[in-house]
Amino acid sequence: MDFCDFLFVNNDKQFEPIANATQDWLVVSPSADAYALISNNPTNCDIYAPEINWYLKNSQAPIAAKAQNIKRMYFSRMERYEYGIDKSFSTEVSPTLLIIGDNTEAKEFLNFVQNYTQVHYEVGLLDAKNIISISGSLGAFEAQVKIGEEVGKISFAQGVIFYEDDDLARSKGIEKASDFEDENALLALLDSRIGVYDYKTIITYDNQNCQYHHRRPNKNNEGYCHKCANVCPTFGITKDNALMELNFSAIDCINCGNCVAVCPSGSIDYTPFSMQAFSQTLKHYQDTHILLIPEAFLDELADFEIPKHLSPLIIDGKDFLSEAHILALLQESGGSCVYYCPEISQPSQEAIKLVNDIYQQIYQKIGFHTAKNISELHHIAPSLQKIESYSYHPRAGEYKRKHFAERLRFAIKDNDYGQVKSGESGELIRYGQITLKEELCTLCMSCVGACNVGSLSANATNFSLQFNPSICTTCGYCVDSCPENAISLELSGINLHPSWFENKIIAQDKLFACSECGKEFATQKSIQKVKSIMIPLFGNDEAKIKTLECCPECKVKIMLG
């Protein structure tokens with residue numbers, strides 16, 4: 001069997017003109033005899049691209065534009081494949097089911113399962129008050145239960161609860177009965193997992209610039225940044241405040257992407273469409289208006305007549321979009337776009353608002369339109385406008401805020417567009433800056449050691465402390481790391497001014513010379529701080545007081561003198 005990268009199966013030959021316009025890169029065949037990496041036919045490929053058939057059926061564009069957009073969609077799939085970083089796993093799920101509840105509905109469901117013929121379940125019923133704890137994951141749950149005066153263990157693959165327990169329901173494989181229309185709908189989901197259950201990693205994690213990993217706890221004995229764990233609706237991400245480590249469960253992850261959208265440093269990335277794959281994909285979408293669609297909602301647009309000026313871009317999930325993704329999409333395409341998504345998460349909503357506020361300030365235009373239904377999509381599509389294009393490719397491992405700052409710096413240039421606020425919640429998408437009481441600062445540089453994204457830095461050439469607000473993640477770790485309580489954090493948003501991207505001197509000092517030998521060995525502020533503490537303790541001991549202004553070598557000589 002022949003193999004190719006891109007295959008278009010043209011069964012009825014109605015798209016023959018497309019074959020002529022794409023023959024230099026696309027294999028067009030009347031049958032599915034060839035095997036392809038990416039194809040519009042689901043039976044003969046590694047990656048099925050349903051958007052190809054949908055686009056050709058509904059597009060109103062001329063042949064040349066159709067061919068260009070088909071190429072964009074094929075190459076988008078290829079970029080995700082080449083930069084894919086997901087891993088596959090599987091686990092065995094046996095037909096063992098635990099029903100938890102003591103009401104009539106729970107007992108009726110037990111009877112329903114016992115008489116269910118499609119799958120034979122080993123099923124049991126327990127009252128929630130007899131359960132001490134439940135641990136494990138889909139296929140391998142274990143419950144500690146009270147049996148009279150004894151404590152026993154029950155193993156089960158899946159569970160159904162007939163009471164409200166949002167925490168327990170965060171585990172994949174533990175379902176709330178109230179979430180389902182009827183017993184058949186609930187059992188259909190449980191049945192679908194029986195046997196070998198396959199799943200993949202949806203996110204990757206690099207702890208090197210994580211704002212939580214192995215940092216000291218704050219005053220509430222929590223980490224300074226754990227937005228990812230806060231927004232995770234399952235046990236996909238949890239935090240361990242004892243070890244200051246994040247824990248990840250691929251089997252519990254539901255592919256929502258919320259954690260990617262809120263991570264300020266970019267420590268978390270989305271494997272189905274990594275930032276690198278996203279950036280590479282956008283190179284194919286220059287000089288066009290993008291119709292962005294999560295694949296889960298493609299069927300809702302089955303009969304939507306696609307205007308000729310729109311270029312569809314299909315994404316895997318709907319909630320991973322951050323401000324960095326959105327600004328990249330607008331600048332690479334060079335115009336406004338429309339995002340069709342009936343449900344938009346709070347993190348992505350805040351990111352969209354932030355970028356649109358920036359575009360209103362700079363261009364007096366909306367950049368990123370959203371349509372929650374087909375009527376809104378029809379209304380928005382004709383209003384898309386060319387704005388300004390800029391192509392930038394982030395380096396591997398580049399901080400998310402650095403990527404965003406470089407793009408924003410281009411849009412601002414040498415102008416002053418005022419200020420935009422960030423994040424209505426004040427918790428998810430946060431921008432701001434620190435302020436310093438220079439008279440209290442001793443340039444000990446504890447804050448520099450605390451900052452792991454390079455927003456705070458020490459300049460040895462002029463003995464200064466510098467701050468770059470554009471890459472600050474507003475985690476606040478530097479605030480509590482300052483022994484002089486000289487630093488405060490202000491969640492003021494973004495200043496749309498060139499100075500926002502520059503290192504600013506926020507504290508500076510001169511070197512202090514040893515009073516004995518004249519060698520410079522410390523800063524003046526640090527010596528003054530030490531003297532203010534130690535002189536009251538030394539009383540009238542002139543020798544000890546004198547050592548406070550001496551280098552280590554001279555200090556020893558005086559003390560032994």
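Above: the structure in question.
Residue positions are counted from 1 within each chain, in the order its sequence is given. Only residues with pLDDT of at least 70 get local features here, since the model is predicted, and only at 80 or more are side-chain atom pairs given and counted; chain-wide, interface and lining totals rely on the full set of residues. Side-chain numbers come from the whole structure's heavy atoms, not from hydrogens or water.

Q: What is the right way to read the overall build of the protein chain from this model?
A: Scanning the protein chain from N- to C-terminus turns up 17 helices and 30 strands. In terms of principal-axis extent, the alpha carbons of the protein chain reach across some 100 × 75 × 45 Å. Categorising residues by exposure relies on relative accessible area from a 1.4 Å probe, with only protein chains included: less than 20% of the type maximum marks a residue as buried, more than 50% marks it as exposed, and the intermediate range marks it as partly exposed. Within the span of the protein chain, comprising 561 residues, buried residues form 52% of the whole. The contact criterion used throughout is that any non-hydrogen atoms of two residues lie within 4.5 Å. Contacts in the protein chain between residues at least 24 apart in sequence constitute 68% of all its contacts with a sequence separation of at least 6. All accessible areas in this document rest on Shrake-Rupley with a 1.4 Å probe, and a residue is counted as covered only by the protein chains that are shown. For the protein chain, the accessible area works out to roughly 26,000 Å², and carbon and sulfur atoms hold 48% of it. Positive charges come from Lys and Arg, negative ones from Asp and Glu, while His and the chain ends are left out of the count. Charge placement uses NZ in Lys and CZ in Arg. For Asp and Glu, CG and CD serve respectively. Taken together, the 49 basic and 71 acidic charged side chains of the protein chain have centroids lying 10 Å from each other. Starting at the N terminus, helices and strands are each numbered in turn, a helix being any DSSP run of H or I of at least four residues and a strand any DSSP run of E of at least two.

Q: Teacher, can you tell me more about the packing of aromatic side chains here?
A: Each aromatic ring pair is specified by the distance between its two centres and by the angle formed by the two planes. Only Phe, Tyr and Trp rings take part, Trp by its six-membered ring, and two of them pair if their centres are within 6.5 Å. Stacked means planes under 30 degrees apart, edge-to-face means over 60, and tilted covers everything else. Scanning the entire structure with this criterion turns up 23 aromatic pairs. Between Phe 3 and Tyr 35, the aromatic rings sit 6.3 Å apart at their centres with planes inclined by 20°, giving stacked as the arrangement. With Phe 3 in strand 1 (residues 3-9) and Tyr 35 in strand 3 (residues 35-39), this residue pair connects regions lying 32 residues apart in the sequence. For Phe 3, a relative accessible area of 54% puts it in the exposed group. With relative accessibility at 26%, the residue Tyr 35 sits in the partly exposed group. Ring geometry for Phe 6 and Trp 25: centres 5.6 Å apart, planes at 75°, overall edge-to-face. Residue Phe 6 is located in strand 1, and its partner Trp 25 is located in the loop between helix 1 (16-21) and strand 2 (27-29); the two are separated by 19 residues in the primary sequence. Classification of Phe 6 by relative accessible area gives buried; the value is 7%. Taken together, the aromatic side chains of Phe 6, Trp 25, Tyr 74 and Phe 75 make up a single cluster linked through ring pairs. Comment: the charge-over-ring label is applied if NZ (Lys) or CZ (Arg) is within 6 Å of the ring centre and within 35 degrees of the ring normal. Sitting above the plane of the Tyr 431 ring, Arg 401 keeps its charged end 3.6 Å from the centroid.

Q: In this structure, what is going on with the nonpolar core? I would like to understand it.
A: Nonpolar side chains in soluble globular proteins generally cluster together in the buried interior. Residues grouped as a nonpolar core are buried Ala, Val, Leu, Ile, Met, Phe, Trp, Tyr and Cys residues, joined through side-chain atoms within 4.5 Å. In this structure, Phe 368, Phe 404 and Ile 494 are the most contacted members of the largest nonpolar core, which totals 99 residues. Not counting chain neighbours up to four residues away, the residues in contact with Phe 368 comprise Leu 292, Leu 321, Ile 326, Leu 329, Leu 330, Cys 337, Tyr 339, Ile 352 and Asn 356.

Q: How should a negative patch on the surface be read in this particular structure?
A: A contiguous patch of negative charge, built from Glu 105, Glu 108, Glu 181, Asp 182 and Glu 183, is present on the exposed surface. By the secondary structure assignment, Glu 105 is in helix 4 (residues 104-114). Using a relative accessible area of 45% as the deciding quantity, one classes Glu 105 as partly exposed. Like-charged residues are merged into a patch within 9 Å and nonpolar side chains (Val, Leu, Ile, Met, Phe, Trp, Tyr) within 5 Å, provided each residue has over 30% relative accessible area and no salt bridge. We define a salt bridge as a contact between a side-chain nitrogen of Lys or Arg and a carboxyl oxygen of Asp or Glu at a distance within 4 Å.

Q: Help me understand the side chain of Ser 311 in this model?
A: Tracing the backbone through its elements, the reader meets Ser 311 in strand 19 (residues 310-315). By relative accessible area, Ser 311 is classed as buried at 2%. Contacts described as polar in this section are N or O atom pairs within 3.5 Å, which, within protein, must combine one atom able to donate a hydrogen with one able to accept it, while residues neighboring in sequence count only if both atoms come from side chains. A distance of 2.6 Å separates a polar atom in the side chain of Ser 311 from a polar atom in the side chain of Asn 69.

Q: Help me understand helix 2 (residues 50-58) in this model?
A: Of all nine residues making up helix 2, seven are buried, and the element is well covered by its neighbours. Along helix 2, the residues classified as buried are Pro 50, Glu 51, Ile 52, Trp 54, Tyr 55, Leu 56 and Asn 58. For helix 2, the elements touching its buried residues are strand 1, helix 1, strand 4 (45-48), helix 3 (63-82), strand 18 (289-294) and strand 19.

Q: Mind showing me how you'd approach the packing of helix 8 (residues 275-282) against helix 9 (residues 323-333) here?
A: The axes of two packed helices give the description: the angle between them and the distance between them. Look at helix 8 against helix 9: their axes get within 10 Å of each other, and the N-to-C directions meet at 15°. Comparing their axes, helix 9 and helix 8 come out roughly parallel. Helix 8 and helix 9 meet at a crossing whose hand is right-handed. Where helix 8 approaches helix 9, its residues Met 275, Phe 278 and Leu 282 are matched on the opposing element by Ala 324, His 325, Ala 328, Leu 329 and Glu 332. Classes in brief: Ala, Val, Leu, Ile, Met, Phe, Trp, Tyr, Cys and Pro nonpolar; Asp, Glu, Lys and Arg charged; the others, Gly included, polar. Residue classes in the contact of helix 8 with helix 9 are distributed as six nonpolar, one polar and one charged. Between N-to-C directions, angles span 0 to 180 degrees; the directions come from axes that are lines fitted to C-alpha atoms, helices contributing only their stretch in contact. Each angle is binned into one of four classes, with values under 35 degrees roughly parallel, values over 145 roughly antiparallel, values of 65 to 115 roughly perpendicular, and all other values oblique. Left-handed is the label given to a crossing in which the near helix is rotated counterclockwise from the far helix by less than a right angle, and right-handed is the label when the rotation is clockwise.

Q: Please explain the packing of helix 3 against helix 8 as it appears in this structure.
A: Between helix 3 and helix 8, the shortest axis-to-axis distance is 9 Å and the interhelical angle comes to 155°. Classed by the angle they form, the pair helix 3 and helix 8 counts as roughly antiparallel. Both helix 3 and helix 8 take part in a crossing whose hand is right-handed. Along its contact with helix 3, which presents Ser 76, Glu 79 and Arg 80, the element helix 8 presents Ala 277, Gln 280 and Thr 281. Tallied by class, the residues present in the contact of helix 3 with helix 8 amount to one nonpolar, three polar and two charged.

Q: How should I be thinking about the pattern of salt bridges in this particular structure?
A: Side chains that carry opposite charge are capable of pairing whenever their charged atoms lie near each other. The tally for this structure, following the rule as stated, stands at 24 salt bridges. Between Asp 86 and Lys 200 there is a salt bridge; the shortest N-O distance is 3.4 Å. Pair noted here: Asp 86 is in the loop between helix 3 and strand 5 (88-93) and Lys 200 is in strand 13 (residues 195-200), with a separation of 114 residues, a long-range link. Judged by relative accessible area, which is 32%, Asp 86 ranks as partly exposed. What makes Lys 200 partly exposed here is its relative accessible area of 43%. Residues joined in a network through salt bridges with shared partners are Glu 51, Arg 77 and Glu 295.

Q: Before we go on, may I ask you to explain the sheet that holds strand 25 (residues 464-467) in this structure?
A: In this description, strands pair whenever DSSP reports at least two bridges between them. Across the sheet, which stays open at both edges, the three strands sit in the order 24-25-28 with antiparallel pairing between neighbours. A strand with exactly one partner marks an edge of an open sheet, and here the two such strands are strand 24 (456-459) and strand 28 (504-508). On average, adjacent strands in this sheet sit at an angle of 30° to one another, irrespective of strand direction. Bridging between strand 25 and strand 28 involves four bridges; their strand directions are antiparallel. By the bridge assignment for strand 28, Gln 466 is matched with Ile 505.

Q: Please explain the sheet that holds strand 2 as it appears in this structure.
A: The parallel open sheet is built from four strands, whose spatial order is 2-1-3-4. Single-partner strands in this sheet number two, and they are strand 2 and strand 4. Taking each pair of neighbouring strands and ignoring which way they run, the sheet shows an average axis angle of 45°.

Q: What is the right way to look at the side chain of Asn 10 in this model?
A: You can see Asn 10 is positioned in the loop between strand 1 and helix 1. Overall, Asn 10 belongs to the buried group, its relative accessible area being 2%.

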